[in-house]
Amino acid sequence: MTEQKKLAQIGVVGLAVMGSNIARNFARHGHTVAVYNRSHDKTEHFMENFASEGDFIPADSIESFVNSLERPRRALIMVKAGGPTDAVIEQLADAMEPGDIIIDGGNSLYTDTIRREAEMSERGLNFVGAGISGGEEGALNGPSIMPGGPEESYESLGPLLESVSAKVDGTPCCTHIGPNGAGHFVKMVHNGIEYADMQVIGEAYHLLRYAAGMDPQEIAEVFREWNSGDLDSYLVEITAEVLSQVDAETGKPLIDVIVDSAGQKGTGRWTVKAALDLGIPTTGIGEAVFARALSGARAQRAATIANLPAGQLVAEGVKDRAAFIEDVRRALYASKLVAYAQGFDEIKAGSQEHGWNVDPRDLATIWRGGCIIRAKFLNRIVEAYNNNPEVESLLLDPYFNNEMSGLIDSWRRIVVEATTRGLPIPVFASSLSYYDSLRAERLPAALIQGQRDFFGAHTYERTDKDGHFHTLWSGDRTEVEA
Ligand code: NBP
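Scoring rules and cut-offs
Residues numbered from 1 in each chain as written. Predicted model: local features only at pLDDT ≥ 70, side-chain atom pairs only at ≥ 80, totals over all residues. Heavy atoms only, no water. Near = heavy atom within 4 Å. Polar contact = N/O pair within 3.5 Å; in protein donor to acceptor, adjacent residues only side chain to side chain. Areas by Shrake-Rupley, 256 points an atom, 1.4 Å probe, with all protein chains shown as cover. Helix = DSSP H or I, 4+ residues; strand = E, 2+ residues; numbered from the N terminus. Nonpolar A, V, L, I, M, F, W, Y, C, P; charged D, E, K, R; others polar. Domains from an automatic or database assignment. Contact = heavy atoms within 4.5 Å. Buried area = accessible area lost by both parts, 1.4 Å probe. Salt bridge = Lys/Arg side-chain N within 4 Å of Asp/Glu carboxyl O. Phe/Tyr/Trp six-rings, centres within 6.5 Å; stacked < 30°, edge-to-face > 60°. Buried < 20%, exposed > 50% of the residue type's maximum accessible area, 1.4 Å probe, protein only. Expected span 1.5 Å × (residues − 1). UniProt positions renumbered as here; feature names shortened; annotations may be inferred.

1. Comments concerning the site of the ligand
Surveying the vicinity of the ligand reveals 19 residues, the closest of which are Met18, Asn37, Arg38, Ser39 and Lys42. Arg38 has a polar side-chain atom sitting 2.9 Å from an oxygen atom of the ligand. The contact in question runs from an oxygen atom of the ligand to an N or O atom on the side chain of Lys42, over 2.5 Å. Here the ligand has 910 Å² of accessible area as a free molecule, and 76% of this is covered by the chains. Looking at the shell around the ligand, the elements that each hand over two or more residues are α1 (17-28) and α4 (83-95). Tallied by class, the residues present in the shell around the ligand amount to 10 nonpolar, 6 polar and 3 charged.

2. Points about the domain arrangement of the protein chain
Domain boundaries assigned for the protein chain yield domain 1 (10-176), domain 2 (187-439) and domain 3 (444-481). Placing the centre of domain 1 and that of domain 2 at their C-alpha centroids yields a distance of 33 Å. Opposite the 25 residues of domain 1 that make contact, domain 2 presents 19 residues. Buried area between domain 1 and domain 2, summed over both chains or domains, comes out near 1,500 Å², and the portion from carbon and sulfur atoms is 68%. On the domain 1 side of the interface with domain 2, the three residues burying the most area are Asn107, Tyr110 and Met146, jointly 30% of the side's total. The tally of links between domain 1 and domain 2 comes to 1 salt bridge. When the shortest N-O distance is used, the salt bridge between Arg368 and Asp169 registers 3.8 Å. Where domain 1 packs against domain 2, one counts 4 residue pairs in polar contact (both at pLDDT 80 or more). Of all the elements in the fold, those that place two or more residues in the side of domain 1 that touches domain 2 are α5 (110-122), β6 (126-133), α6 (135-141), β7 (144-147) and β9 (171-172).

3. Observations concerning the packing of aromatic side chains
All told, the structure shown has 15 aromatic pairs when counted by the stated rule. Judged by centre distance (6.2 Å) and plane angle (80 degrees), the rings of Tyr110 and Trp356 are edge-to-face. Here Trp356 lies in the loop between α15 (321-354) and α16 (360-366) and Tyr110 lies in helix α5, a separation of 246 residues in the sequence. The pair formed by Tyr110 and Trp356 is uniform in burial state, with each residue classed as buried. Ring geometry for Phe454 versus Trp473: centroids 5.1 Å apart, planes at 45 degrees, classification tilted.

4. Focus: α4
Compared with an ideal rise of 1.5 Å per residue, which puts 13 residues at 18 Å, α4 spans 19 Å between its outermost C-alpha atoms and is within 8% of the ideal. The inward-facing, buried residues of α4 abut β1 (10-13), α3 (62-67), β4 (74-77), β5 (101-104), α5 and β6.

5. Some thoughts on the environment of Lys348
Examined against the element boundaries, Lys348 turns out to sit in helix α15. Among all residues touching Lys348, those that are not within four sequence positions of it are Glu390 and Val391.

6. Quick notes on the UniProt feature "active site" (unreviewed entry) in the protein chain
Summarizing the sequence annotation, UniProt attributes the feature "active site" (unreviewed entry) to Lys187 and Glu194 in the numbering used throughout. Tracing the chain through its elements places Lys187 in helix α8 (residues 182-210). Excluding anything up to four places from it in sequence, Lys187 contacts Asn107, Gly131, Ile132, Ser133 and Met146. Looking at where Glu194 falls in the secondary structure, it is placed in helix α8. Owing to a relative accessible area of 15%, Glu194 belongs among the buried residues under this scheme. In contact with Glu194, other than residues within four places in its own chain, are Leu235, Ile372 and Ile373.

Pasting the structure below:
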């Protein structure tokens with residue numbers, strides 16, 4: 001009798017940081033995992049180091065990799081986004097059979113995912129674009145997973161992905177998000193919110209440091225305390241860790257020897273580009289992306305530092321430090337609420353545009369664990385959408401609305417304090433302007449409409465009757481109906 005060949009429940013292509021860790025995570029959960037990497041030495045290295053952690057089937061070619069998978073075959077691609085992902089999809093598709101499932105777990109642009117899903121569907125294959133958040137550590141110990149693609153592929157794939165995802169109160173941080181590009185779109189906005197969240201934390205730190213005159217250790221303690229309240233989140237927690245780190249070489253706080261020029265890989269920029277196309281004002285995310293760009297414009301900054309007039313600045317430190325710290329906490333919380341509200345607005349608009357039917361409650365639920373923006377207050381967002389799935393803005397939810405009443409005065413004071421001291425707070429300030437714009441009974445947009453009509457006969461609507469109107473600006477200035 002011939003021995004039955006053991007098959008894998010899932011295979012991972014790409015054994016760099018993310019792929020290795022997620023393959024190990026699958027194996028640790030009792031799954032047999034096929035592993036393949038373009039450069040075979042990485043597969044050998046992987047087996048040397050981790051074979052003892054579980055059941056792996058190493059492959060030295062795409063064909064043997066595909067042949068080692070049980071049907072329907074499930075292959076998770078964890079390679080560089082863009083061209084490399086297209087190349088691997090093509091190789092897999094050539095070796096696979098109708099009904100098999102290709103999962104792209106990389107940070108792919110959602111429009112690429114829409115295209116790839118259509119191409120694979122024509123070949124009878126299921127293509128799932130899955131956003132995976134949590135970085136290296138999350139991939140190993142439980143990430144937040146946002147799979148898109150056909151609903152039916154989730155039946156076979158869902159239990160596997162859910163088994164390796166993070167769990168919060170027993171609920172997996174993984175659920176089917178919607179068809180084709182929905183998963184990657186949502187992951188993109190998740191990253192955009194992450195940019196805004198990191199920037200507002202940065203602005204709070206900057207104010208405590210340069211307006212309140214606190215040192216990094218003192219500020220680390222403040223963040224530790226904040227982490228036990230409304231701001232309880234992974235990013236606030238790691239902020240305290242970074243601020244308390246001392247540089248071994250110089251004995252200085254590490255923060256003071258790190259170059260103040262922030263990097264970015266593109267998902268924040270994509271979020272803003274998509275928001276511009278959808279006409280959704282994600283100002284918090286936009287300012288956060290621009291703040292990173294400005295920090296990286298080193299030549300320009302070298303020319304402008306100390307060479308731009310600052311005007312009369314308040315030089316002395318804040319008088320009541322405790323009150324100031326509490327004001328900063330509230331400004332941070334308020335700006336963060338705005339960033340989340342804007343991110344959810346973008347997801348709603350994207351979902352409508354593409355007919356994805358994304359349920360915002362699912363996102364707030366699966367972002368509670370595993371991912372970088374995991375935070376206690378996501379529970380409140382779930383409740384807000386439970387109360388009213390159609391709420392026009394999260395800021396209108398009774399809980400958040402009530403929170404805002406307690407935050408707004410501090411937020412205004414902080415924007416004034418920072419401005420009179422010449423300290424940059426792009427997200428604190430722009431989020432407050434966004435908030436006041438939403439509140440405003442009249443916006444200067446009426447004047448813009450007048451100007452547009454003046455130079456381009458673009459017409460305007462009137463407050464007192466229906467229709468579109470044009471003033472004969474270069475004639476006798478009477479009004480005509482357009
Ligand atoms: P990288 O993004 O650094 O990609 C390296 C992998 O891509 C290697 O396995 C490499 O194979 C493979 N590869 C390349 Br490059 N070109 C290839 C090609 N033409 N054909 C086949 N394989 C090719 O790996 P990573 O940092 O582990 O990230 C994997 C994915 O996960 C990316 O899309 C990333 O954006 C996403 N992601 C990363 C993080 C994170 O924290 N790092 C978090 C969330 C998502 P080789 O060994 O033969 O060169």
